[in-house]
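Structural description and commentary
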Amino acid sequence: MGDPVRRDRVHARVRQKYLERATPATRRRITRERRSDEVEHRSSHRPGLPGTLNRYVDPQVPCQRSQGSHLDMPLEEGYSTHVPQAALPRAAFSGRRAARRTGHLLDERTNMSATRVRFAPSPTGYLHLGGARTALFNWLLARGAGGKYVLRIEDTDRERSTDEFLQAILEDHRWLGLVWDEGPEVGGDAGPYFQSERTGTYGPLLEKMLEEGKAYRCYCSPEELEERRSAAAEGGREWRYDRRCLSLGDDERAALEAEGRPSVIRFRVPDGKTRFDDMVLGPVEVDHAELDDLVLARSDGSPTYNFVVVVDDLSMGVTHVVRGSDHTSNTPKQILIAKALGGTPPTFGHLPLVLGPDKQVLSKRRGALAVGEYRRQGYLPEAVVNYIALLGWSYDGESEFFALDELIERFDLSRVSGKAAAFDPEKLLWMNAQWLKRLPVPERTDRMLPFLRRAGLVGEQLSDEERARLEAIVELVDDRAKTLADIVEQAGYFLSDDIEYEEKAVNKVLTKPGVITIIDGLYTRLTEVQGFEPGAIEGLIRSFAEEQELGVGKVVQPIRVAVTGGTASPGMFETLSLLGRETVLERLTRARKIATERQGADS
RNA sequence: GGCGCCAUCGUCUAGCGGUUAGGACGCCGGCCUCUCAAGCCGGUAACACGGGUUCGAUCCCCGUUGGCGCUACCA
């Protein structure tokens, strides 16, 4: 790919040019120094480098077809689902809303079971909400159409791809419940599923395009191009590759080759217009005059992204491509390349980007939270899935709880908004609490077990009694928790004697006059009471409060602080009962000591 | 700069020519109550702007503004 340093320098200059004639907004964006691969959901990534060592070669899955072109096979089959644009009625092209109305047309296509959909993450970072949403929508499209969902790992950036990221992506993906039909670990007929293992496919196809005149060699160096680009910019003209090398005669070409000039392979963009019916955006039309003769292969022979994706999607029989809207502008190019290869382009759907609460595009660099992070914080996959499904999609604007299987039934790409959506952590949290509440107690208990273990509050093995007690705790604590981690926090004083007395609680409650009398009075009664059921305890406390001529609250609150260390807890009668007499008495004693010390110090 | 996409409460959204512009999160208030929650009830808050078209525009068209994307031998 030439000298990377030189290339960067050239690109820096190009960027500078943009900057000079940019609008303020554009300038801000450029100055933010965006790294394209960090933008939200790039569903596809770097092109393969021939000879790249395969980092993720799975010994279980020999790479069946990494050499030579096998494009013909899948190309001829599995594409019957594509409806040529011309076949769509005129009405389909009268705007986004019209596209919605004609949604059934898309359905017809997607229902033809040969639907194959892919999600193509690159293991250069964790899966974040934006990427997860792209994956979810793809999965939903496949499941809804009874088709296949394939996972393709775009791991050709050897510098930044790591096995750790790969594993994390697979794990998070699985955690969300998005089972893939083909891909890493499960294999499939259209493999390999690691792009780094597919590099052999591209060369022969490039040769073929060259022979057919659909592509040509270009000997212009980056410097020369940059010069002409600058000249155009200064003259206020827009720049597009001038096709200087397209008209090269055979002898000229031979001379340049003899000179040893490096060359890239450019796609020869045909005249005309490309129109495609985007499953989300509706009809999109682009005049080829707007398109550059883009580079398909660099001077070192490595294919570029736009070529690789097309080839991979075609050879894997992908029928529908759903990806971030940052790829919208690439789509016409990819359609043209697909056609030049003799293939039928997939149907496209471009999702608006997901923004952070600050309205900035979600990116790894900007610290977008990984799906795994939510898992660790005690979010439920059901809640995360439900929430991201609602980012840009709605069923009727009223219903908002959807499980995966309900989503399969209801999801419809044509109801996805074309507008970027900012994600709201507050609402995600709320949604998580809702799902948590709906979980039956035994299951809620199961789910929080790992959290309790990590906190060292329960052992690996639970006796039946421990288990029963745990469920009772979970049930008692329920409405106060928004995440599994919350439950752990709130269950702490039930499971450990090592409770911490909050300074504020102690000052506010235990230092009040009369507290010692209350503690002593209840200590005696709790020692004597028959049984330790909530009902008995309630009766005891109420009658004590009456005797003392105090409100129940005045009596309960000191006890609460005494046994939990804080001022907030589930109902006190149930809490005391579950804690057990011994623990309660012990903690009352402890609290009395604290109260005595503090009161002594105060007076 | 060129091209493309987008524009309803702070946020996620419903709306598809006639609505008191609906729902949800958040926020505020009330009820409940042994605390904190939860729950229930109520409130707050929006059609970016300007032109058309029309008897009538949130809705259709054009423009402006703004946001985002693409415009690389990046993906």
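Everything quoted here is computed from the prediction, not taken from an experiment. The residue count restarts for each chain, going from 1 along the sequence in the order it is written. Here every chain gets a letter starting at A, and every ligand a number starting at 1, in the order they are written. pLDDT decides what is reported in this predicted model: residues at 70 or higher carry local features, side-chain atom pairs at 80 or more are listed and counted, and totals for whole chains, interfaces and linings draw on all residues regardless. Side-chain metrics rest on all non-hydrogen atoms present in the structure, leaving aside hydrogens and water.

With respect to topology, three strands assemble into an open sheet ordered 3-4-7, the strand pairing being antiparallel. Since the sheet does not close on itself, it has two edges, and those belong to strand 3 (215-218) and strand 7 (295-297), each with one partner. Between one strand axis and the next, the sheet turns by 45° as a mean value, whatever way the strands run. Here, strands pair whenever DSSP counts at least two bridges between them. Counting from the N terminus, the helices are the DSSP runs of H or I reaching at least four residues and the strands are the DSSP runs of E reaching at least two. Here the axes come from fitting lines to C-alpha atoms, over the contacting stretch only for helices, and the angles between their N-to-C directions go from 0 to 180 degrees.

Following the sequence through the fold, Ala422 ends up in strand 11 (residues 421-422). Residue burial is assigned from relative accessible area. The probe radius is 1.4 Å, only protein chains are included, and a residue is buried under 20% of its type maximum, exposed over 50%, and partly exposed in between. You can call Ala422 partly exposed: its relative accessible area is 30%. Spatially, the C-alpha atom of Ala422 lies 9.2 Å from that of Gly392, the residues being 30 residues apart in sequence. Residues count as neighbours in contact if any of their non-hydrogen atoms are within 4.5 Å of one another. Excluding residues that lie within four positions of it along the chain, Ala422 makes contacts with Leu355, Gly356, Lys359, Tyr387 and Leu391.

A carboxyl oxygen of Asp or Glu within 4 Å of a side-chain nitrogen of Lys or Arg is what we treat as a salt bridge. Tallied over the entire structure, the rule returns 31 salt bridges. One salt bridge connects Arg375 with Asp172, and the closest N-O pair in it is separated by 2.7 Å. With a gap of 203 residues between them, Arg375 in helix 13 (residues 371-376) and Asp172 in helix 7 (residues 163-175) connect regions that are remote in the sequence. Each member of the pair Arg375 and Asp172 is classed as buried. Two residues, Asp520 and Arg592, come together in a salt bridge whose shortest N-O distance is 2.6 Å. With Asp520 in helix 21 (residues 515-528) and Arg592 in helix 25 (residues 581-602), this residue pair connects regions lying 72 residues apart in the sequence. Residue classification places Asp520 among the partly exposed residues on the basis of a relative accessible area of 28%. Take Arg592: its relative accessible area is 32%, and that puts it in the partly exposed class. Each of the salt bridges in this network shares a partner with another, and the network as a whole consists of Arg118, Arg152, Glu154 and Asp313.

Aromatic contacts are taken between Phe, Tyr and Trp rings whose centres are within 6.5 Å, Trp giving its six-membered ring; a plane angle under 30 degrees counts as stacked, one over 60 as edge-to-face, and the others as tilted. Applying the stated criterion to the full structure yields eleven aromatic pairs. Aromatic side chains Phe137 and Phe411 sit 4.7 Å apart centroid to centroid with 40° between the ring planes, which places their arrangement in the tilted category. Taken as a pair, Phe137 in helix 6 (residues 129-144) and Phe411 in the loop between helix 15 (404-410) and strand 11 lie far apart in primary sequence, 274 residues in all. One exposure class covers both Phe137 and Phe411, and it is buried. A ring pair is formed by Tyr387 and Phe423, whose centres lie 6.4 Å apart and whose planes are at 70°; its orientation type is edge-to-face. Of this pair, Tyr387 sits in helix 14 (residues 381-389) while Phe423 sits in the loop between strand 11 and helix 16 (425-438); the two residues are 36 residues apart in sequence, bridging distant segments of the chain. Phe423 carries the same exposure label as Tyr387, and that label is buried. Three or more aromatic residues joined by ring pairs make a cluster, and in this case those are Phe137, Trp393, Tyr395, Phe402 and Phe411. Criterion for a charge above a ring: Lys NZ or Arg CZ within 6 Å of the ring centre, and within 35 degrees of the ring normal. Stacked on the ring of Tyr395, the Lys or Arg Arg410 has its end atom at 5.1 Å from the ring centre. Over the ring of Phe451 we find Arg454; its NZ or CZ atom is 5.1 Å from the centre of that ring.

Turning our attention to the environment of Gly183. Among the secondary structure elements, Gly183 is positioned in the loop between helix 7 and helix 8 (202-211). The class for Gly183 is buried, based on a relative accessible area of 2%. Separated by 368 residues in sequence, Gly183 and Gly551 place their C-alpha atoms 65 Å apart. Apart from the residues lying within four places of it in its own chain, the contact partners of Gly183 are Leu151 and Tyr193.

All right, on to the confidence of the model for chain A then. Within a predicted model, pLDDT stands for the predictor's per-residue confidence, ranging from 0 to 100. Mean pLDDT over chain A works out to 81, with 80% of the residues at or above the 70 mark. When pLDDT is averaged over each element of chain A, helix 14 comes out on top at 97 and helix 3 (residues 72-76) at the bottom at 30. With pLDDT under 50 throughout, residues 1-11 is counted as low confidence; its partners more than four residues away or in other chains account for nine contacts. Every residue in residues 14-112 is under pLDDT 50, and counting partners more than four places away or in other chains gives 198 contacts. Listed scores for the predicted complex are pTM 0.84 and ipTM 0.95.

Although it is not a glycine, Arg243 sits at a positive phi angle of roughly 60°. Tracing the backbone shows Arg243 in the loop between helix 9 (222-234) and helix 10 (250-259). The phi angle at Lys359 is positive, at roughly 75°, despite the residue not being glycine.

Next up on the list: the packing of helix 17 (residues 441-454) against helix 19 (residues 484-495). Where helix 17 meets helix 19, the closest approach of the two axes is 10 Å, and the angle between their N-to-C directions is 75°. Compared by their axis directions, helix 17 and helix 19 come out roughly perpendicular. Facing Arg444, Arg447, Met448, Phe451 and Leu452 of helix 17, the residues of helix 19 in contact are Leu484, Ala485, Ile487, Val488 and Leu495. For the contact of helix 17 with helix 19, the residue count by class is eight nonpolar, no polar and two charged. Note that the term roughly parallel is reserved for angles under 35 degrees, roughly antiparallel for angles over 145, roughly perpendicular for angles of 65 to 115, and oblique for everything else. Amino acid classes used here: Ala, Val, Leu, Ile, Met, Phe, Trp, Tyr, Cys and Pro are nonpolar; Asp, Glu, Lys and Arg are charged; the rest, including Gly, are polar.

Together, Lys504, Lys508, Lys512 and Lys554 give the surface a local cluster of positive charge. A relative accessible area of 44% means that Lys512 is categorised as partly exposed. Candidate patch residues must exceed 30% relative accessible area and have no salt bridge, after which like charges are joined if within 9 Å and Val, Leu, Ile, Met, Phe, Trp or Tyr side chains if within 5 Å. Methods summary: accessible areas were calculated by the Shrake-Rupley approach with a probe of 1.4 Å, and residue burial reflects only the protein chains presented. Think of it this way: Lys and Arg go in the positive column, Asp and Glu in the negative one, and His and the chain ends go nowhere. For charged residues, the charge sits on one atom: NZ in Lys, CZ in Arg, CG in Asp, CD in Glu.

One finds Phe137, Tyr149, Leu176, Leu413, Leu522, Leu526 and Ile541 to be the most contacted residues of the largest nonpolar core, which totals 106 residues. In terms of residues, this core owes the most to one element, helix 6, which gives nine residues. Filtering out sequence-adjacent residues up to four positions away, Ile541 remains in contact with Leu522, Val555, Val556, Phe573 and Leu576. Nonpolar cores were defined as sets of buried Ala, Val, Leu, Ile, Met, Phe, Trp, Tyr and Cys residues, with membership established by side-chain atoms within 4.5 Å.

So, on to the side chain of Thr328. Following the sequence through the fold, Thr328 ends up in the loop between strand 8 (320-324) and helix 12 (331-340). Residue Thr328 is classed as buried on the basis of its relative accessible area, which comes to 17%. The term polar contact refers here to a pair of N or O atoms within 3.5 Å; inside protein, the definition further demands a hydrogen-donor-capable atom paired with an acceptor-capable atom, and it admits residues adjacent in sequence only when both atoms are side-chain atoms. Only 2.6 Å separates the side chain of Thr328 from the backbone oxygen of Ser325, close enough to count as a polar contact. Once residues lying within four places of it in the same chain are set aside, the contact partners of Thr328 are Phe276, Leu281 and His350.

For strand 8, a buried count of five out of five residues is recorded, marking the element as mostly surrounded by other parts of the structure. Bridge count for strand 8 against strand 9 (residues 347-351) is five bridges, and the pairing is parallel. Bridge assignment links Gly324 to a residue of strand 9, and that residue is Leu351. By definition, the crossover connecting two strands over a helix is right-handed if that path, from the first strand to the second, turns clockwise as seen with the strands pointing away from the viewer. Once you follow strand 8 into helix 12 and on to strand 9, the crossover reads as right-handed.

The subject of this paragraph is the side chain of Asn138. Inspection of the secondary structure puts Asn138 in helix 6. The exposure class of Asn138 is buried, given its relative accessible area of 0%. Polar contacts involving the side chain of Asn138 include one to the main-chain carbonyl oxygen of Thr134, which spans 2.9 Å. Ignoring sequence-local partners within four residues, the contact set of Asn138 consists of Val117, Arg118, Phe119, Tyr149 and Val322.

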